[in-house]
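Now for the letters of each chain:
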Amino acid sequence: MTDTRLDVLAIGNAIVDVIATTDDAFLEAEGLAKGSMRLIDADEAARLYGRMGQARETSGGSAANTVAGLAALGLRAGFIGQVAGDQLGEIFRHDITGLGVTFTTPVSRGGVPTARCLILVTPDAQRTMNTFLGASQHLPATALDADQIEGAAILYLEGYLWDPEEPRWAMIKAIDIARNARRKVAFTLSDSFCIARHKDGFNQLIDSGKIDILFANEEEIKALSGEADFGAAVAATAPRVETLVVTRSEKGAVALRGRERVSVPAEPIAKVVDTTGAGDLFAAGFLAGQAQERTLEESLRMGAIAAAEVISHYGARPEADLKALVAEKLR
C-alpha cells in the first residue's frame, strides 16, 4: 500500500483500564458474574474502585489496544477517541502517545469524565469488566481529521462504539471519507451483546459494501448470521465481505477471501494468565500483516502470535518485543 501517512487508523472508545487481581469470593460478594462485561455509571465506578485491591492503570479500549499492538509491531498507527481534560484523560493521552501511536483528538469540553474499565482478574485468568463509558461515548463527527483518515491505508472501527448515537455517526462519516479515498475499512463486531443491540445495523453496513475486513469470534459470527452451526455461519457471512477473519480461542483462527480459506492453530503458551485484549492483539497482528501485504496465512499467524503473547501476562498490552517475536516465529 502506497501514499499513506499511517498504516492503520483506529476509532474506538478511549478508556483507562484499571486492572486488579481478585478471587471468586469478591465477585460473589459484589454480585458479579465471572467473565462478564457490564456498563456502569459514574457513582458505581467510584464505589467499585474504592472496593478493589491494588490496581494498575493503563490506556485501554479495544481499538486502542489494537493500535498499541500495531505500534509494537513497528507499524505507523493512529487513534481517534474522546477523553476529557481530567487526570485519567491525561493518563490515556500520555500512555498511548508514549507507545508511538498518533493521537490528536481534542479533549471533550462537555464535563463528562474520561471513561474507565475496572477489570477484575481471577486466578483462572477470567476477567470481569465493569465499564463506565464516560466521555468516550460522546465522540462527535467534528472531531474527525479528514486528512488523517484519507492518509491511512486501513481504517479500523470497533463495534463497541456503535452503541451511542453520536460516535456512530462519526464512524459512518469516517467510513465514507475512507472509501472515497479508496482506503480499506476494517470492522470488529466486538461482542455478542453489541450484535444483539445492532444486528440490523451491522448487517446493513456489511451488505452496503462498506466493510472490507470483518473480524468476529465464533459466537459473534453465529449471532450475526443467525446460524447455530459455525460452518454455516461462516459460509453465510464470507461472501458478503472481501475478507472475513474469525477467531476460535484454543481452536485457532480462520480467514476467508474469495475462494481462499486459511486456518491456523492457536499459538502454544505455557500458561494462560489473563485473556484481556486477546482479540484486540489478534486484530493487531492480522492488520499488520495485511498492511505489509503479507499472505492471509502469515497475517493469521501474526495475529495468533500477538494474541498468545498478551494472554501470557496481566494486561492488554504486549510486554515482550512483539516485533522480534513475530520475526523469530515466522522464520
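Being a predicted model, the structure only gives us computed values, none of them experimental.

**Points about the overall build of the chain**
Item 1. Helix and strand counts for the chain come out as 12 helices and 14 strands.
Item 2. For the chain, whose C-alpha radius of gyration is 18 Å, the value lies close to the compact-globule estimate of 20 Å for 331 residues.
Item 3. Taking the intrachain contacts of the chain between residues at least 6 apart in sequence as the baseline, contacts between residues at least 24 apart amount to 74%.
Item 4. Accessible surface, the chain as shown: approximately 13900 Å² in total, 48% of it carbon and sulfur.

**As for the packing of aromatic side chains**
Item 1. This structure, assessed with the given rule, holds nine aromatic pairs.
Item 2. Centroid distance Phe92 to Phe103: 5.4 Å. Interplanar angle 70°. Geometry classified as edge-to-face. Of this pair, Phe92 sits in helix α4 (residues 87–98) while Phe103 sits in strand β6 (residues 102–103); the two residues are 11 residues apart in sequence, bridging distant segments of the chain.
Item 3. Since its relative accessible area comes to 6%, Phe103 is described here as buried.
Item 4. One aromatic cluster in this structure is built from Phe79, Phe92 and Phe103.
Item 5. Above the plane of the ring of Phe230 lies Arg248, whose end atom (NZ or CZ) is 3.8 Å from the centre.

**Digging into helix α10 (residues 278–291)**
Every α-helix carries 3.6 residues per turn, so stepping three or four residues along brings you back to the same face.
Item 1. Taking 1.5 Å per residue, 14 residues should reach 20 Å; α10 reaches 20 Å between its end C-alpha atoms and fits that length.
Item 2. All of the buried residues along α10 are Asp280, Leu281, Phe282, Ala283, Ala284, Gly285, Phe286, Leu287, Ala288, Gly289, Gln290 and Ala291.
Item 3. Of the residues trailing α10, Glu293 is marked for its positive phi of about 60°.

**Let's talk about the pairing of strand β10 (residues 184–188)**
Item 1. Along β10, four of the five residues are buried, which leaves the element largely enclosed by surrounding structure.
Item 2. The sheet contact formed by strand β9 (residues 152–158) and β10 spans five bridges and is parallel. Counterpart to Tyr156 in the pairing with β10 is Ala186.
Item 3. The handedness of the β9 to β10 crossover, carried by helix α6 (residues 165–180), is right-handed.
Item 4. Bridge count for β10 against strand β11 (residues 213–217) is three bridges, and the pairing is parallel.

**Side note on the UniProt feature "domain: Carbohydrate kinase PfkB" (unreviewed entry) in the chain**
Item 1. When the UniProt feature table is mapped to this numbering, "domain: Carbohydrate kinase PfkB" (unreviewed entry) covers residues 39–318.
Item 2. Between the first and last C-alpha atoms of residues 39–318 the distance is 26 Å; the span itself is 41% helix and 20% strand.

**Quick look at the packing of helix α8 (residues 218–225) against helix α9 (residues 230–237)**
Any two packed helices are characterised by the angle at which their axes cross and by the distance between the axes.
Item 1. Relative orientation of the contacting elements α8 and α9 amounts to 65°, with a least axis distance of 9 Å. Considering how the two elements wind past one another, α8 and α9 form a crossing that is left-handed. Contacts between α8 and α9 involve Glu218, Ile221, Lys222, Leu224 and Ser225 on the former and, on the latter, Phe230, Ala233, Ala236 and Thr237.
Item 2. Grouping the constituent residues of the contact of α8 with α9 by class yields five nonpolar, two polar and two charged.

**Quick word on the sheet that holds strand β5 (residues 77–80)**
Item 1. Ordered in space as β6-β5-β1-β9-β10-β11-β12-β13-β14, the nine strands form an open sheet in which the pairing is mixed. Either end of the sheet is taken by a strand with one partner, and the two such strands are β6 and β14 (260–264).
Item 2. The pairing of strand β1 (residues 6–11) with β9 spans five bridges and is classified as parallel. Bridge pairing links Leu9 to Leu155 in β9.
Item 3. Where α10 meets the sheet, it contacts β1, β9, β10, β11, β12 (243–247) and β13 (253–257), and its direction lies at approximately 155° from that of β11.
Item 4. Contacts from helix α11 (residues 296–310) reach β12, β13 and β14 within the one sheet, and its direction differs from that of β14 by about 30°.

Cut-off values and rules
- Residues numbered from 1 in each chain as written.
- Predicted model: local features only at pLDDT ≥ 70, side-chain atom pairs only at ≥ 80, totals over all residues.
- Heavy atoms only, no water.
- Helix = DSSP H or I, 4+ residues; strand = E, 2+ residues; numbered from the N terminus.
- Rg over C-alpha atoms; globule rule 2.2 N^0.38 Å.
- Contact = heavy atoms within 4.5 Å.
- Areas by Shrake-Rupley, 256 points an atom, 1.4 Å probe, with all protein chains shown as cover.
- Phe/Tyr/Trp six-rings, centres within 6.5 Å; stacked < 30°, edge-to-face > 60°.
- Buried < 20%, exposed > 50% of the residue type's maximum accessible area, 1.4 Å probe, protein only.
- Lys NZ or Arg CZ within 6 Å of the ring centre and 35° of its normal.
- Expected span 1.5 Å × (residues − 1).
- Pairing = 2+ DSSP bridges.
- Right-handed = clockwise from strand over helix to strand, strands pointing away.
- UniProt positions renumbered as here; feature names shortened; annotations may be inferred.
- Axes fitted to C-alpha atoms, helices over the stretch in contact; angles between N-to-C directions.
- Left-handed = near helix turned anticlockwise from the far one by under 90°.
- Nonpolar A, V, L, I, M, F, W, Y, C, P; charged D, E, K, R; others polar.

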